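# Structural description and commentary
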Amino acid sequence: MRITGISTHVVGTPWRNLTYVQVHTDEGVTGVGETRMLGHTDALIGYLREAEANHILGSDPFAVEDLVRRMKYGDYGRAGEIVMSGIAVIEMACWDIKGKALGVPVWQLLGGKVTDRVKAYANGWYTTERTPEAYHKAAQEVVARGYRALKIDPFGTGHFELDHEATLYSVSLIEAVRDAIGPETELMLEMHGRFSPSTAVRLARELAPFKPAWLEEPVPPENLKALEKVAAKVDIPIATGERIHDRIEFRELFESQAVDVIQPDVGHLGGIWETRKLAATAEAHYVLVAPHNVGGPVLTAASLQVGFSTPNFKILEHFNDFADAEIKKVVKGAPQVVDGYFELSHEPGLGVELDVDAAAEFPQQQARFDLWADGWEQRRPKGAQ
């Protein structure tokens, strides 16, 4: 079997564009991959056009390791977010082809299942007015849908510092959410790399009574020493890693022992097998894995293949029940959350199929997501009220 070509399809929303790539073969088996780019969609498609000619055409889709190695190192320059995302969509499509050709789900090819279900946590649910009352109601609706975990960034446009008034308001939002969801539901606290170490530590202590399941990206991701400073002073588990695009770059993070949960994005890290390799290294350091997952149903399905076959897999992020839920229709067989969990799928490959006609109903947009702009959490089109 050989790859004869690829086709790209961009599904647009006001705050993100999702890039779907179909990989076609001479035996008529087609695989699909997906990633989510913020502001770099055209650059990704441009890279894939060159990579198709230089590396992909004529390749054996079963030889995933070889194709990834050539795409990553064959152009000599150091691979960053765009290249690793391009590798990821091709790589997961190849796994999809392999599973379909062999008649087995991808998790079976990764060593078999270690669980029959993967816990989900909701994100994108707080797109309402930023008040305790509105957040209380929205959080109740998340729990009513069966979720047993959810994540929130309550800090508005906070950057490095957060003054006393803004701190009190952020605490009031978390208090309302915890009251709405009860003590049993996991509450993940997201900081989006906003703060200085001292501010992050202070906020963590202010919010400790609400029992956060983790403190995510408390400081900008570029400075590991700053993260170590936070980890040494708080008792809440530290989660990070969504903006690391090469598994090799996690080495110093593991050595620092400053992280309890890593959050690789399967769509940015080079795909399914690269993430599974990283998870094995994390297991050797007693670190859990909870992938960043802000994409659509194909990326969710790919992340679940890792989840079902990984002993130290904690939980999977899920946006598609809340933010832009209508995009689920672009994929047939989209994974669904039932009573807070994704159930094991036995469908071959990734278990999903891209509906090209449905995808065409969501053309690419000039998507923009600015975490330092007022109202960012509402994820609405520019100029909308």
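Residues numbered from 1 in each chain as written. Predicted model: local features only at pLDDT ≥ 70, side-chain atom pairs only at ≥ 80, totals over all residues. Heavy atoms only, no water.

By the naming in an unreviewed UniProt entry, the protein is Mandelate racemase/muconate lactonizing enzyme family protein, taken from Streptomyces kaempferi.

Quick look at the pattern of salt bridges now. According to the stated counting rule, one finds 24 salt bridges in the structure shown. Two residues, Glu353 and Lys100, come together in a salt bridge whose shortest N-O distance is 2.7 Å. Placement of the pair is Glu353 in strand β15 (residues 353-354) and Lys100 in helix α3 (residues 81-102), with a sequence separation of 253 residues. Overall, the relative accessible area of 40% leaves Glu353 in the partly exposed class. When salt bridges that share partners are traced, they join Glu65, Arg247, Glu274 and Lys277 into one network. (Salt bridge = Lys/Arg side-chain N within 4 Å of Asp/Glu carboxyl O. Helix = DSSP H or I, 4+ residues; strand = E, 2+ residues; numbered from the N terminus. Buried < 20%, exposed > 50% of the residue type's maximum accessible area, 1.4 Å probe, protein only.)

Relative to the assigned elements, Leu224 resides in helix α8 (residues 224-231). In this structure the C-alpha to C-alpha distance between Leu224 and Phe254, which are 30 residues apart in sequence, comes to 11 Å.

Further remarks concern the sheet that holds strand β1 (residues 3-12). The 3 strands lie next to each other as β1-β2-β3, forming an open sheet whose pairing is antiparallel. What marks the edges here is a single partner per strand, and that holds for β1 and β3 (30-37). Ignoring strand direction, the axes of neighbouring strands in this sheet form an average angle of 20°. In terms of strand pairing, strand β2 (residues 17-25) meets β3 through 8 bridges, oriented antiparallel. Looking at β3, one finds that Gln22 is bridged to Val32. This element, helix α1 (residues 41-56), spans β1, β2 and β3 of the sheet and lies at about 175° to β1. Docked against the sheet, α3 engages β1, β2 and β3, running at close to 150° with respect to β3. (Pairing = 2+ DSSP bridges. Axes fitted to C-alpha atoms, helices over the stretch in contact; angles between N-to-C directions. Contact = heavy atoms within 4.5 Å.)

Moving on to the UniProt feature "domain: Mandelate racemase/muconate lactonizing enzyme C-terminal" (unreviewed entry) in the protein. The residues that UniProt annotates with the feature "domain: Mandelate racemase/muconate lactonizing enzyme C-terminal" (unreviewed entry) are residues 132-237. Annotated as 47% helix and 11% strand, the span residues 132-237 places its first and last C-alpha atoms 25 Å apart. (UniProt positions renumbered as here; feature names shortened; annotations may be inferred.)

In this structure, Leu215 sits in strand β7 (residues 214-216). For the pair Leu215 and Val259, spaced 44 residues apart in sequence, the C-alpha separation works out to 9.9 Å. Apart from residues no more than four positions distant in its own chain, Leu215 is found in contact with Leu189, Met191, Ala204, Val230, Ile236, Pro237, Ile238 and Ala239.

Axis separation between helix α2 (residues 64-73) and α3 bottoms out at 10 Å; the angle between their running directions is 165°. The orientation of α2 with respect to α3, classified from their angle, is roughly antiparallel. Judged by the sense of rotation from one axis to the other, the crossing of α2 with α3 is right-handed. For the pair α2 and α3, the contacting residues are Val64, Leu67, Val68, Met71 and Lys72 in the first and Val83, Met84, Gly86, Ile87, Ile90, Glu91, Cys94 and Trp95 in the second. (Parallel < 35°, antiparallel > 145°, perpendicular 65-115°, else oblique. Left-handed = near helix turned anticlockwise from the far one by under 90°.)

The next subject is the environment of Arg251. By the secondary structure assignment, Arg251 is in helix α9 (residues 251-256). Note: C-alpha distance between Arg251 and Ala282 (31 residues apart in sequence) is 9.5 Å.

With that settled, consider the packing of aromatic side chains. Aromatic ring pairs are reported here in terms of the distance separating the ring centres and the angle at which the planes meet. For the coordinates displayed, the defined rule picks out 12 aromatic pairs. Between the aromatic rings of Tyr126 and Trp376, the centroid separation amounts to 6.3 Å while the plane-to-plane angle is 90°, which identifies the pairing as edge-to-face. In this pair, Tyr126 is assigned in the loop between β4 (117-122) and α5 (132-144) and Trp376 in the segment after α12 (356-359), connecting sequence segments 250 residues apart. Both residues of the pair, Tyr126 and Trp376, count as buried. Aromatic ring contacts, followed pair by pair, group Trp15, Trp125, Tyr126, Tyr135, Phe319, Phe369 and Trp376 into a single cluster. Lying over the aromatic face of Phe322, Arg145 brings its terminal NZ or CZ to 5.2 Å of the ring centre. Above the plane of the ring of Trp15 lies Arg379, whose end atom (NZ or CZ) is 4.6 Å from the centre. (Phe/Tyr/Trp six-rings, centres within 6.5 Å; stacked < 30°, edge-to-face > 60°. Lys NZ or Arg CZ within 6 Å of the ring centre and 35° of its normal.)

Attention shifts here to α8. Every buried residue of α8 is listed here: Ala226, Leu227 and Val230. Buried residues of α8, viewed axially, fall in a sector of 100°; they line one side. Buried residues in α8 make contact with α7 (197-207), β7, β8 (238-240) and α9. Residue Asn223 occupies the N-cap position of α8, its side-chain oxygen lying 3.1 Å from the main-chain nitrogen of Lys225. (Arc of directions from axis to C-beta. Polar contact = N/O pair within 3.5 Å; in protein donor to acceptor, adjacent residues only side chain to side chain.)

By secondary structure assignment, the location of Arg16 is in the loop between β1 and β2. We classify Arg16 as buried; its relative accessible area is 0%. At 2.4 Å, the side chain of Arg16 and the backbone oxygen of Val294 are in polar contact. Polar contacts involving the side chain of Arg16 include one to the side chain of Asn320, which spans 3.4 Å. In contact with Arg16, other than residues within four places in its own chain, are Val11, Arg36, Leu38, Val294, Gly295, Phe319, Asn320, Ala323, Asp324, Ile327 and Ala367.

As a further point, take the pairing of strand β6 (residues 186-190). Burial analysis of β6 places 5 of its 5 residues in the buried class, the great majority of the element. Alternating residues of β6 divide into Glu186, Met188 and Glu190 and Leu187 and Leu189, and every residue in both groups is buried. Bridge count for strand β5 (residues 149-152) against β6 is 4 bridges, and the pairing is parallel. Following the sheet pairing, Leu150 is matched in β6 by Leu187. With respect to chirality, the unit in which β5 leads through helix α6 (residues 164-181) into the neighbouring parallel β6 is right-handed. One ladder, built from 3 bridges, connects β6 with β7; its direction is parallel. What sits directly across from Met188, in β7, is Trp214. Since β6 and β7 lie parallel, the crossover through α7 that links them has a hand, and here it is right-handed. (Right-handed = clockwise from strand over helix to strand, strands pointing away.)

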